[in-house]
Amino acid sequence: MDRQGWKIAWTAAAGAVLVIWSGEWFAGQLVPTTYPGELAFGGADEMPPAVDLAAVQRDWPGSLGGPGEQGRLIAYVGNIERQKPPVTAVPARATTPQPQEADLGTLLASADAAVGKGKARVCTSCHSMDAGGRNGVGPALWGVVGRNIASHGGFAYSPALSAQPGAWTYERLDSYLTSPARAIPGNKMAFAGLRRDEDRAAVIKYLASLSPGAPAFPAPMTSAAGQGAGAQ
Ligand code: HEC
């Protein structure tokens, strides 16, 4: 081999050593060969060593090369693992009432008829809300709560709405006003619906204030026992 050949051979050999050495070092960073933190854990049920979680998070990864850092990180991860809620806590949490799951009774109790009057402005292009009001595009809505469905004199109701038996209860109004097309397919109220539970409750409370024959509001369901008693 000539000088040039040796040079290339040496460079290649040195490069290979460097690659292996740095690879080993890198693997050592990923998978530490010693686990100083593990010793401190003891049994699985023991509390983890006191680790300043905020400090580890703040220092990492710059501190990774520091002495004892691997143990600190392992203890940190162990600490996080321990903070995860046990699986059994999930159903326990789900039973506590969430705001978005508020029942109609609760929504109506906290609703404001004056706010509902404002929200019901979108209805007045088709409906009269006045006592003795006349039918428009839609039937007059004075006294609608508790009134038989599709029963206001002089209005040509659709067959779909006319086929509905019984009176307008709070529950049926709530369902109808959420999405008229979905609640009573084929009815001819050309209105998308009031999506927000609170808005609907406010409008329904307003309609009730215009309805001398309105029944009492459904009782708010405050507990699991209340839900059982209130369900029909
Ligand atoms: C684009 C016009 C229009 C709008 C806006 C509208 N409605 Fe109607 N509504 C109608 C029509 C038409 C009917 C009759 C439906 C049928 O016969 O199928 C109706 C029917 C109803 C009924 C049934 C009445 C009965 O006598 O059985 C209620 C309750 C009602 N609307 C409430 C509302 C409320 C509350 C709003 C506003 C949030 C609203 N509507 C917005 C057109 C409208």
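Since we're looking at a predicted model, the values are computed, not measured. (Residues numbered from 1 in each chain as written. Predicted model: local features only at pLDDT ≥ 70, side-chain atom pairs only at ≥ 80, totals over all residues. Heavy atoms only, no water.)

So, on to the overall build of the protein chain. The helix and strand tally for the protein chain stands at twelve helices and zero strands. Its helices and strands taken in sequence order, the protein chain reads α-α-α-α-α-α-α-α-α-α-α-α from the N to the C terminus. Going through the 232 residues of the protein chain one by one, you find that 29% of them count as buried. Long-range pairs, those at least 24 residues apart, make up 51% of the contacts in the protein chain with a sequence separation of at least 6. Of the accessible surface of the protein chain, which amounts to about 15100 Å², a share of 63% is contributed by carbon and sulfur atoms. (Helix = DSSP H or I, 4+ residues; strand = E, 2+ residues; numbered from the N terminus. Buried < 20%, exposed > 50% of the residue type's maximum accessible area, 1.4 Å probe, protein only. Contact = heavy atoms within 4.5 Å. Areas by Shrake-Rupley, 256 points an atom, 1.4 Å probe, with all protein chains shown as cover.)

With that settled, consider the site of the ligand. Looking at the ligand, there are 28 residues lining it, with Cys123, Cys126, His127, Ser158 and Met189 nearest. Here a nitrogen atom of the ligand and a side-chain polar atom of His127 are 2.7 Å apart. Here the ligand is seated within the largest pocket. Counting only elements with at least two residues in the shell around the ligand, the list comes to α9 (170–178) and α11 (197–209). For the shell around the ligand, the leading source of residues is α9, giving three residues. A per-class count over the shell around the ligand returns 22 nonpolar, four polar and two charged. (Near = heavy atom within 4 Å. Polar contact = N/O pair within 3.5 Å; in protein donor to acceptor, adjacent residues only side chain to side chain. 1 Å grid on protein atoms, 1.4 Å probe; cavity = no way out; pocket = protein on both sides within 12 Å on 5 of 7 lines; lining within 4 Å. Sits in = over half its atoms within 2 Å of the grid points. Nonpolar A, V, L, I, M, F, W, Y, C, P; charged D, E, K, R; others polar.)

Let us now look at the pattern of salt bridges. Taken as a whole and assessed by the stated rule, the structure comprises five salt bridges. Residue Asp199 pairs with Lys119 through a salt bridge whose shortest N-O separation is 3.6 Å. Within this pair, whereas Asp199 is found in helix α11, its partner Lys119 is found in helix α7 (residues 113–119), the two being separated by 80 residues in sequence. On the basis of relative accessible area, Asp199 is assigned to the buried category, the value being 14%. Residue classification places Lys119 among the partly exposed positions, given a relative accessible area of 34%. (Salt bridge = Lys/Arg side-chain N within 4 Å of Asp/Glu carboxyl O.)

Attention now moves to the nonpolar core. In this structure, Met129, Val145, Leu161, Trp168, Tyr170 and Leu207 are the most contacted members of the largest nonpolar core, which totals 30 residues. For this core, the secondary structure elements donating two or more residues are α6 (104–110), α8 (159–162), α9 and α11. Of all the elements, α11 adds the most residues to this core, at six residues. In this structure Tyr170 touches Leu104, Leu108, Val145, Ile204, Ala208, Ala214, Pro215, Ala216, Phe217 and Pro218, once residues within four positions along its chain are discounted. (Core = buried A, V, L, I, M, F, W, Y, C linked by side-chain atoms within 4.5 Å.)

Overall, the coordinates contain three aromatic pairs when judged by the stated rule. Each ring, one from Phe155 and one from Tyr157, has its centre 4.8 Å from the other, and the planes form 70°; the classification is edge-to-face. Per residue, the accessibility class of Phe155 equals that of Tyr157, and both read buried. (Phe/Tyr/Trp six-rings, centres within 6.5 Å; stacked < 30°, edge-to-face > 60°.)

Protein coordination at the iron atom of the ligand: the donors are His127 (NE2) and Met189 (SD), at 1.9 to 2.0 Å from the metal. Seen from the iron atom of the ligand, its six donor atoms lie at angles of 86 to 178°, and the figure they make is octahedral. Placement of the pair is His127 in the loop between α7 and α8 and Met189 in the loop between α10 (180–183) and α11, with a sequence separation of 62 residues. The buried category is assigned to His127, whose relative accessible area is 12%. (Donors = N, O, S within 2.8 Å, 3.2 Å for Na, K, Ca; no water. Tetrahedral: all angles 85-135°; square planar, octahedral: opposite > 155°, others 65-115°.)

Our focus in this paragraph is unusual backbone geometry. Even without being a glycine, Ala150 presents a positive backbone phi close to 55°. For Ala150, the position within the fold is in the loop between α7 and α8.

What follows concerns the layout of surface pockets. Roughly 530 Å³ of volume is contained in the largest pocket. Looking at the largest pocket, it is lined by 30 residues, and the ones nearest its centre are His127, Gly138, Pro139, Tyr176 and Met189. Among the elements of the structure, α9 and α11 are those that each provide at least two residues to the lining of the largest pocket. Per element, the largest residue contribution to the lining of the largest pocket is three residues, and it comes from α9. Grouping the amino acids of the lining of the largest pocket by side-chain chemistry returns 23 nonpolar, five polar and two charged. (Points joined across faces, edges and corners; volume = space filled by probe spheres on them.)

Scope: geometric values only; no functional claims are made or implied.
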